[in-house]
Amino acid sequence: MSILGGNNDHFGLDIGTNHVRLVELSGGGNKYSLKAYAQAPVPAGITQSDSKLDQQKLAKIITDLAKRSGITTNNVVAAIPGTSVFNATIKLPPMTKEELSKAIKYQAEQNIPLKIDEVKYDWRVIKEDPATKEITVMIIAATKSKVNQIIDLLRFANLNVIALETSTVAMARSLAKPEIPLAMILDIGATTTEIAVIENGTLVQTRSFPLAGYALTRAISQQLGLDMAQAEQFKQRFGLSQDKLEGQVYKAIEPLLRNILDEAVRSAKFYQEQFGSPITRIILTGATSRLPLINEFIRSYTGMEVMFGNPWTNISYPSNDNDNIMNVSAEFATAIGLAMR
């Protein structure tokens, strides 16, 4: 499911809040080989800026990173952040392809809070009831202005855009496991948390909200009287420990993590109400997933099993690079999913 589509050889590009990451793979199916991967930090706020000057600066960062990484193509599949995407999951009675196409347009007009001529949208049948033949469809849309902004940015970087996908679609592709037919991906990034329910490898539910790692750091900064750099260090070092530093870091971030997990629990309940099956496993990813004891906290609060997502599972790479790759595995799920498209 993509806003723009294409099938050429390409690399995946994830433009995050504070880093740009890219991955190029060869192969396909369940056997991929790593050709190139790299990441680079970006100045604060630049990826959210509409300024042409900032976009040109960001384009140069991407160009330099692509050259340094040794990628072999200028074709790129890039991610649209979840906060820029509207989505809706709807149920429809059995109908022909022609009827379905018309129904989707009508449903998009009814469920997307913008004029239909202001967005680009795509859709996918994600379920079909074997008894009633009722179908469940997911519609994903992004504003044309956001799509054009990303395309312009990548053209500044001398790249050929062959597709744009949402970050949750890409993550679902890289983190889904055949042995786990139903799970929730919980991606706690820097400024945004994204929730994606995957069933048999297919994304069936998604949502995004602006509460994530930076908010935790800010809470520590305010409660302990630290600057943001010190607060970030305390967050990474002490995490959810109640024994270290008299539990002060835990006390600062625990209410915010509960808010994040309340959204995850609500999403799980909504899925069960819609489709009848309980979600019992969370696949944890994103930079904030590396906080000490966070998996134990999530397991205790939600009652779900928690596992760390590893997008490198089906990718071969030099063994001497294993430590470097594992150190950044949580941050590369989107870029890898885009490269696997």
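For the structure, see preceding data.
Counting starts from 1 at the beginning of each chain's written sequence and moves along it residue by residue. Residue-level local features of this predicted model are given only where pLDDT is at least 70; pairs of side-chain atoms are given and counted only at 80 or more, and the full residue set underlies all totals for whole chains, interfaces and linings. Only heavy atoms go into the side-chain values, all of them from the structure, while hydrogens and water stay out.

1. A short note on the overall build of the chain
Here a strand is any run of E in DSSP of at least two residues, a helix any run of H or I of at least four, and the numbering for each starts at the N terminus. The helix and strand tally for the chain stands at ten helices and 14 strands. For the radius of gyration, the atoms used are the C-alpha atoms, and the globule rule reads 2.2 Å times the number of residues raised to 0.38. The globule rule puts the C-alpha radius of gyration for 341 residues at 20 Å, and the 20 Å found for the chain is close to it. Its C-alpha atoms put the chain at 65 × 45 × 40 Å along the principal axes. Of all 341 residues assigned to the chain, the portion counted as buried reaches 53%. Working rule for contacts: check all heavy atoms of both residues, and any pair within 4.5 Å makes them a contact. Relative to all contacts within the chain whose residues are 6 or more apart in sequence, the contacts with residues 24 or more apart total 66%. Counting every atom, the chain has about 15,900 Å² of accessible surface; 47% of that belongs to carbon and sulfur. Of the charged side chains in the chain, 35 are positive and 34 negative, and the gap between their average positions amounts to 3 Å. Burial classes: relative accessible area under 20% of the type maximum marks a residue as buried, over 50% as exposed, and values in between as partly exposed (1.4 Å probe, protein chains only). Here the accessible surface of atoms and residues is derived via Shrake-Rupley with a 1.4 Å probe, and residues count as covered only by protein chains that are part of the display. Counting rule applied: Lys, Arg positive; Asp, Glu negative; His and chain ends not counted. Each charge is placed at NZ for Lys, CZ for Arg, CG for Asp and CD for Glu.

2. Notes on the packing of helix H5 (residues 213–224) against helix H7 (residues 248–275)
Angular values range over 0 to 180 degrees, each being the angle between N-to-C directions of two axes fitted as lines to C-alpha atoms, with helices fitted over their stretch in contact. Relative orientation of the contacting elements H5 and H7 amounts to 135°, with a least axis distance of 9 Å. Regarding the angle of H5 to H7, the classification is oblique. H7 is crossed by H5, and the crossing has right-handed handedness. In contact with Ala215, Leu216, Ala219, Ile220, Gln223 and Leu224 of H5, H7 contributes Gln248, Val249, Lys251, Ala252, Ile253, Leu256 and Leu257. Every angle not falling under 35 degrees, over 145, or within 65 to 115 is termed oblique; those three ranges are roughly parallel, roughly antiparallel and roughly perpendicular. We call a crossing left-handed when the near helix sits turned anticlockwise from the far one by less than a right angle, and right-handed when that turn is clockwise.

3. Focus on the packing of H7 against helix H8 (residues 294–302)
At a minimum axis separation of 11 Å, H7 and H8 run at an interaxial angle of 55°. With respect to H8, the axis of H7 lies oblique. Between H7 and H8 the crossing geometry is right-handed. Side by side, H7 and H8 meet where Tyr250, Glu254, Leu257, Arg258, Leu261, Asp262 and Val265 of the first sit next to Ile294, Phe297, Ile298, Tyr301 and Thr302 of the second.

4. Description of the pairing of strand E12 (residues 281–285)
Among the five residues that make up E12, four are buried, leaving the element largely enclosed by the rest of the structure. Here, a strand pair is defined by DSSP locating no fewer than two bridges between the strands. Of the pairings in the sheet, the one linking strand E9 (residues 182–188) to E12 comprises four bridges and is parallel in character. From the neighbouring strand, Ile185 faces E12, where its bridge partner is Ile283. Pairing of E12 with strand E13 (residues 305–308), which is carried by four bridges, proceeds in the parallel orientation. When the bridges of E13 are listed, Ile283 appears paired with Met307. A clockwise course of the path from the first strand over the helix to the second, judged with the strands pointing away from the viewer, identifies a crossover as right-handed. This β-α-β element, E12 to H8 to E13, shows right-handed connectivity.

5. Some remarks on the sheet that holds strand E1 (residues 11–15)
In a beta sheet, neighbouring strands pair by backbone hydrogen bonds and run either parallel or antiparallel. Strands sit in the order E8-E4-E1-E2-E3-E14 across an open sheet of six strands; the sheet is mixed. The open sheet terminates on both sides in strands that have one partner only, identified here as strand E8 (160–166) and strand E14 (315–316). Bridge count between E1 and strand E2 (residues 19–28): four bridges; the pairing is antiparallel. Pairing of Ile15 across the sheet is with Val20, part of E2. Here helix H1 (residues 52–69) sits on the sheet and contacts E1, E2 and strand E3 (31–41); the angle it forms with E3, its principal contact strand, is near 135°. Across the sheet, helix H4 (residues 167–175) is in contact with strand E4 (75–80) and E8; its angle to E8 comes to roughly 85°.

6. With respect to the sheet that holds strand E7 (residues 135–143)
Reading across from one edge, E5-E7-E6 is the order of the three strands in this open sheet, with antiparallel pairing throughout. Only two strands of the sheet have a single neighbouring strand rather than two, namely strand E5 (85–92) and strand E6 (119–128). Going across the sheet, the axis of each strand differs from the next one's by a mean of 20°, ignoring polarity. Two strands pair when backbone bridges link them, and E5 and E7 are joined in this way by eight bridges, in the antiparallel orientation. Each bridged residue has a counterpart across the sheet, and for Ala88 the counterpart in E7 is Ile139. Along the sheet, helix H2 (residues 97–111) contacts E5, E6 and E7; its crossing angle with E5, the most-contacted strand, is approximately 130°.

7. Here we look at the pattern of salt bridges
Any carboxyl oxygen of Asp or Glu that lies within 4 Å of a side-chain nitrogen of Lys or Arg is treated as forming a salt bridge with it. Summed over the entire model, instances satisfying the criterion amount to twelve salt bridges. Arg266 is the partner of Glu263 in a salt bridge, and the nearest nitrogen-oxygen pair spans 2.8 Å. One end of the pair, Glu263, and the other, Arg266, are both in helix H7, three residues apart, so they sit about a helical turn from each other. Through salt bridges with shared partners, a single network forms among Glu165, Arg173 and Arg341.

8. Overview of helix H3 (residues 144–156)
In a regular helix each residue adds 1.5 Å, so 13 residues correspond to 18 Å; H3 covers 18 Å between its end C-alpha atoms and thus fits that length. Immediately downstream of H3, the backbone of Asn158 shows phi near 60°, a positive value. Multiplying one less than the number of residues by 1.5 Å gives the expected span of a helix.

9. What about unusual backbone geometry?
Look at Lys133: it is not a glycine, yet its phi comes out positive at around 65°. With respect to the helices and strands, Lys133 occurs in the loop between E6 and E7. A positive phi angle is found at Leu293, which is not glycine, with a value near 70°. For Leu293, the position within the fold is in the loop between E12 and H8.

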